[in-house]
Amino acid sequence: MKVRKLVLFAMALLAMASVVYANGEKEAAPAAPAATGKPIVLRLAETHPANYPTTLGDMKFAELVKERSGGRITIEVYPGSQLGQEKAVIEQVQFGAIDFTRVSISPLAAFVPVFNALQLPYLYRSEDHMWKVLLGPIGKELFASLEPSGFVGIGWFEPGARNFYNSKRPVAVPADLAGLKIRVQESELMVGMVSGLGAVATPMPYGEVYSGLQTGVIDGAENNWPSYESTSHFEVAKYYTVDEHTRVPEIIIGSKISLSKLSQADLDLIKQAALDAIPYQRGLWAAAEKAAEAKVKAGGSMITVIADKAPWQAAMKGLYDKQPSAIQYLVKRIGEVQ
Ligand code: GTR
């Protein structure tokens with residue numbers, strides 16, 4: 001184990017050194033076309049499987065980078081948590097061993113707490129509202145707030161709305177969750193949200209949820225339709241409640257250590273490619289939500305659609321009052337985005 005860690009560390013150093021070298025060459029000839037210079041290979045960690053819409057979004061991003069750099073910059077996408085679960089991967093990005101990751105902002109908020117503002121329940125009026133926030137000045141400020149913690153904001157992807165599900169009973173009102181052990185992402189805010197509803201919040205990495213449900217360590221979890229389906233959680237937790245409590249943006253972050261070795265032109269090319277991959281991922285997402293819904297229904301999931309969300313909103317409102325003033329201010333500004 002120790003040896004493996006050392007090898008990984010040495011590999012990270014080597015990767016960084018090669019980026020420095022490539023960059024040195026490029027800086028000497030700033031006007032050189034994109035296709036010249038040393039090849040650069042960067043790694044991106046993704047938790048979802050290769051055929052998941054968000055992973056396909058990562059691949060589109062990598063493809064655009066390759067194309068626009070004339071084949072010089074390769075971003076290798078590692079799907080299926082091959083490089084680790086989200087929290088561990090974020091740490092590795094922070095110290096430069098992994099160049100990029102696409103994660104949910106929920107675990108990222110443990111590193112950069114201002115991101116908690118984006119995952120409060122019933123924050124956005126709609127998917128569209130969320131996108132206006134992410135692509136507008138607030139999204140840019142949030143990207144800037146990543147830098148002191150060693151991250152570079154690269155891009156956003158559609159997360160869908162998250163819903164509760166469990167193996168015990170149909171849930172129609174918040175009180176139905178009382179006493180259920182509900183897995184949450186590794187995020188203090190999510191622990192607070194679920195405990196506030198009277199359930200027992202159990203933070204746990206994504207990859208452990210299926211066995212947790214199967215063995216009864218947890219009774220339920222919460223996620224969007226495509227995740228509920230792709231993980232097969234629907235097979236072991238059939239009561240799905242469409243309460244749409246959160247939209248937790250997906251983000252691509254880069255490692256400041258590793259990316260600071262690139263030229264500004266290359267970094268701009270990478271950021272633009274991530275921006276241009278968004279419509280592709282969003283298109284796939286809409287289709288994947290519908291397909292997942294059909295599949296879990298056919299698989300026997302019992303769906304409770306919440307028509308009146310007012311009791312759910314009321315039950316989670318207290319969470320807003322507990323937020324530090326910087327987050328409350330951001331929430332106010334998010335509300336004002338038209
Ligand atoms: C998914 C998200 C993943 C991961 C997962 C989880 O919706 O795309 O990045 O955060 O939820 O619940 O852990």
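Residues numbered from 1 in each chain as written. Predicted model: local features only at pLDDT ≥ 70, side-chain atom pairs only at ≥ 80, totals over all residues. Heavy atoms only, no water.

(A) Main features of the pattern of salt bridges. Inspection of the entire model under this criterion finds 16 salt bridges. The partner of Arg282 in a salt bridge is Glu127, with the nearest N and O atoms 3.2 Å apart. Here Arg282 is found in helix H12 (residues 264-298), whereas its partner Glu127 is found in helix H5 (residues 127-135), with 155 residues between them in sequence. Glu127 sits in the partly exposed class, given a relative accessible area of 28%. Across the pair Glu147 and Lys256 runs a salt bridge, and its minimum N-O distance is 3.7 Å. Remark: Lys256 occurs in helix H11 (residues 256-259) and Glu147 occurs in the loop between helix H6 (137-146) and strand S4 (151-157); sequence separation between them is 109 residues. (Salt bridge = Lys/Arg side-chain N within 4 Å of Asp/Glu carboxyl O. Helix = DSSP H or I, 4+ residues; strand = E, 2+ residues; numbered from the N terminus. Buried < 20%, exposed > 50% of the residue type's maximum accessible area, 1.4 Å probe, protein only.)

(B) Structural context of the site of the ligand. Near the ligand you find 13 residues, and of these His48, Glu86, Arg183, Asn223 and Glu250 are the closest. Measuring from an oxygen atom of the ligand, one finds a side-chain N or O atom of Arg162 at 2.9 Å. Glu250 has a polar side-chain atom sitting 2.5 Å from an oxygen atom of the ligand. Expressed as a share of its isolated accessible area of 310 Å², the protein-covered part of the ligand is 98%. The cavity that encloses the ligand is the largest cavity. (Near = heavy atom within 4 Å. Polar contact = N/O pair within 3.5 Å; in protein donor to acceptor, adjacent residues only side chain to side chain. Areas by Shrake-Rupley, 256 points an atom, 1.4 Å probe, with all protein chains shown as cover. 1 Å grid on protein atoms, 1.4 Å probe; cavity = no way out; pocket = protein on both sides within 12 Å on 5 of 7 lines; lining within 4 Å. Sits in = over half its atoms within 2 Å of the grid points.)

(C) Molecular detail of unusual backbone geometry. Not every positive phi belongs to a glycine, and Ser232 is a case in point at roughly 65 degrees. Within the secondary structure, Ser232 is located in the loop between helix H9 (225-230) and helix H10 (233-236). For Ser232, a relative accessible area of 22% translates into the label partly exposed. In this model, Glu244 sits at a positive phi of 45 degrees, which is unusual for a non-glycine residue. Structurally, Glu244 can be placed in strand S9 (residues 239-246). For Glu244, a relative accessible area of 33% gives the class partly exposed.

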